[in-house]
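Remarks on the overall topology
Below are the chains, spelled out letter by letter.
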Amino acid sequence: MSGNLAEANTGAGKVRVAFDEAALEGWLAANVDGFAGPLTVEQFNGGQSNPTYKLTTPTARYVLRRKPPGPLLKGAHDVLREARVQTALYGTQVPVARIFGTCEDESVIGSAFYVMDMVEGRVFWDAAFSDVPKDHRAAYFDEMNRVIAALHSVDHESVGLGDFGRPGNYFARQIGRWSKQYLEDDLAGRLPDMDALVEWLPTAIPDGDETTVVHGDFRCDNMIFHPTEPRVLAVLDWELSTLGHPLADFAYHAMMYRMPGDIVAGLGGADPAPLGLPTEAEYIAAYCARTGRTEIANWDFYLAFNFFRLAAIFHGIKGRVLRGTASNAQAKERAEALPRLAALAREAMESCRLG
C-alpha cells in the first residue's frame, strides 16, 4: 500500500474544499509579517482529516491547515491545538514548522485555521527507507529515534504545555476509552482477540507513571526529511498530540518492526539486518540511552496496548463503512485489516503473559 499511499497523498492541485481566497489574502496581509501577494492557493492531496493547502506568493510559500467546514464532534479536528504544540516546541530539539499565525474567526474562510512555513524536503512512505542506499538507512532510523527521544525529554511545563492534557493514569484512561468504543459498536461486530484484550489490558498495566508530550502518530511518513541528509526538518500531523505516557508513544512508533507494510508504514516482521536497519532490540536500546533508561520492562504490554488501540480505531472505521458514513478513500482497506491488527495485539499479549 505504501506506493499507493504515496501517490494518493503527494503533491497539490485543484482546491476541493473551497473558501473565499480574497478574504484569506486580506487576513494574511494583516496578520503574517512579511506577507506580500498576489496569492495562489492549491490543496494538498493528503491531509484528508484536516484540509491542507499550499499558499504561494512571489516571495514565499506557506501551508494552511483548517478544520473541515460544517458540524463536527466536540474536540475533533482541533487544528489550533496542533498550532499550539508546534509553537511551544519551536526552538527545542524537536524539529517543527514555524507557525506564522492562527485564526479562530470562522467568518474568514468558514472554519478555524493556522498558517505555517512550508518545509521543503522528503517524505518516506516506506518504513524500510528502500529509496535510500542500504548503508545510509540506519542513520535515518537513528534520526527518528533521536527526535522522539527529544520530544519525550521536553519539559512540558517550561514550554507552556502544562495544561495540554490530563497527567497520570494514561493507560487506564486510554484502555477504558477504546474498550468502550469497541464494545458499543454492535454493527462492526466482535472479535475474540479484541474481547480477550479488553479483559486483560486493565489487569496488566505496568507499575510507574510518567507524563510527557506525546505525538500520538509518530511514523516515518509524518516527518519531512532533509532533501539529501538523514535529518528530520519537521514533524507533522500533531492532531493526536497530548500529555501522555512516553512509552506508549515510543511503542506506537516502534510497532513499525511488526506492522504489515500494507496497513501502516511498517517492516512486517522482516529481518532488519539485510535491509541495513537496526534490530528492534537495538532501536529500543538507543531510545533508552537517550532518555536515561536502563531498559523497558514489559515491552510486549506496550505493543499489545498500541495494536489494540489501532485495532479499535479500525473497528470504528469498519462501523462507519457499514453505515455508509466513511469519507476516507482507504476506509474499506482499513476495515478489512482489522482482524490482522487484533491478532498482532493478541500475539503481543500472549508474549507478555509468558514474560
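Quick summary incoming for the structure in this document. Computed from a prediction, not measured in an experiment: that's the story for all the values here.

1. Structural notes on the overall build of the protein chain
- Counting secondary structure elements, the protein chain contains 10 helices and 10 strands.
- In terms of overall dimensions, the protein chain is globule-like: its C-alpha atoms have a radius of gyration of 20 Å, near the 20 Å expected for 355 residues.
- Judged by the C-alpha coordinates and their principal axes, the protein chain covers about 65 × 45 × 40 Å.
- Considering the protein chain as a whole, with its 355 residues, one finds that 50% of them fall into the buried category.
- Residue pairs in contact within the protein chain that sit at least 24 positions apart in sequence constitute 70% of those at least 6 positions apart.
- When the accessible area of the protein chain is evaluated, it comes to approximately 16000 Å², of which 50% is carbon and sulfur surface.
- Each charge class in the protein chain can be summarised by its mean position, and for the 34 positive and 46 negative side chains these summaries are 3 Å apart.

2. Quick look at the environment of L201
- Mapped onto the secondary structure, L201 falls in the loop between α6 (192-200) and β7 (212-214).
- With relative accessibility at 0%, the residue L201 sits in the buried group.
- Sequence separation of L201 and F301 is 100 residues, and the distance between their C-alpha atoms is 8.0 Å.
- Ignoring any residue separated from it by four or fewer positions in sequence, one finds L201 in contact with I175, F301, A304, F305 and F308.

3. Describing the packing of helix α5 (residues 170-184) against helix α9 (residues 299-323)
- Close contact between α5 and α9 brings their axes to 9 Å; oriented N to C, the two are set at 30°. Viewed along their axes, α5 and α9 form a crossing whose handedness is left-handed. Residues Y170, F171, Q174, I175, W178, S179, Q181 and Y182 of α5 form the contact with α9, whose own contacting residues are F301, Y302, F305, F308, R309, A312, I313, H315 and G316.

4. Some remarks on the packing of aromatic side chains
- What the rule picks out here adds up to 24 aromatic pairs.
- Pairing Y62 with F100 gives two aromatic rings, centres 5.5 Å apart and planes at 85°, and the pair type is edge-to-face. Of this pair, Y62 sits in strand β4 (residues 61-66) while F100 sits in strand β5 (residues 99-103), and the two are 38 residues apart along the sequence.
- Look at Y62 and you get buried, because its relative accessible area is 6%.
- Between F124 and F129 the ring centres are 4.8 Å apart and the planes differ by 45°, which places this aromatic pair in the tilted class.
- Chaining the aromatic ring pairs together yields one cluster made of F124, F129, Y140, F141, F225, F250, Y257, Y283, Y287 and W299.
- Directly above the aromatic system of F164 lies the positively charged group of R81, at a separation of 3.8 Å from the ring centroid.
- The ring of Y252 has R309 lying over it, and the distance from NZ or CZ to the ring centre is 5.4 Å.

Criteria and thresholds
Residues numbered from 1 in each chain as written. Predicted model: local features only at pLDDT ≥ 70, side-chain atom pairs only at ≥ 80, totals over all residues. Heavy atoms only, no water. Helix = DSSP H or I, 4+ residues; strand = E, 2+ residues; numbered from the N terminus. Rg over C-alpha atoms; globule rule 2.2 N^0.38 Å. Buried < 20%, exposed > 50% of the residue type's maximum accessible area, 1.4 Å probe, protein only. Contact = heavy atoms within 4.5 Å. Areas by Shrake-Rupley, 256 points an atom, 1.4 Å probe, with all protein chains shown as cover. Lys, Arg positive; Asp, Glu negative; His and termini not counted. Charge placed at Lys NZ, Arg CZ, Asp CG, Glu CD. Axes fitted to C-alpha atoms, helices over the stretch in contact; angles between N-to-C directions. Left-handed = near helix turned anticlockwise from the far one by under 90°. Phe/Tyr/Trp six-rings, centres within 6.5 Å; stacked < 30°, edge-to-face > 60°. Lys NZ or Arg CZ within 6 Å of the ring centre and 35° of its normal.

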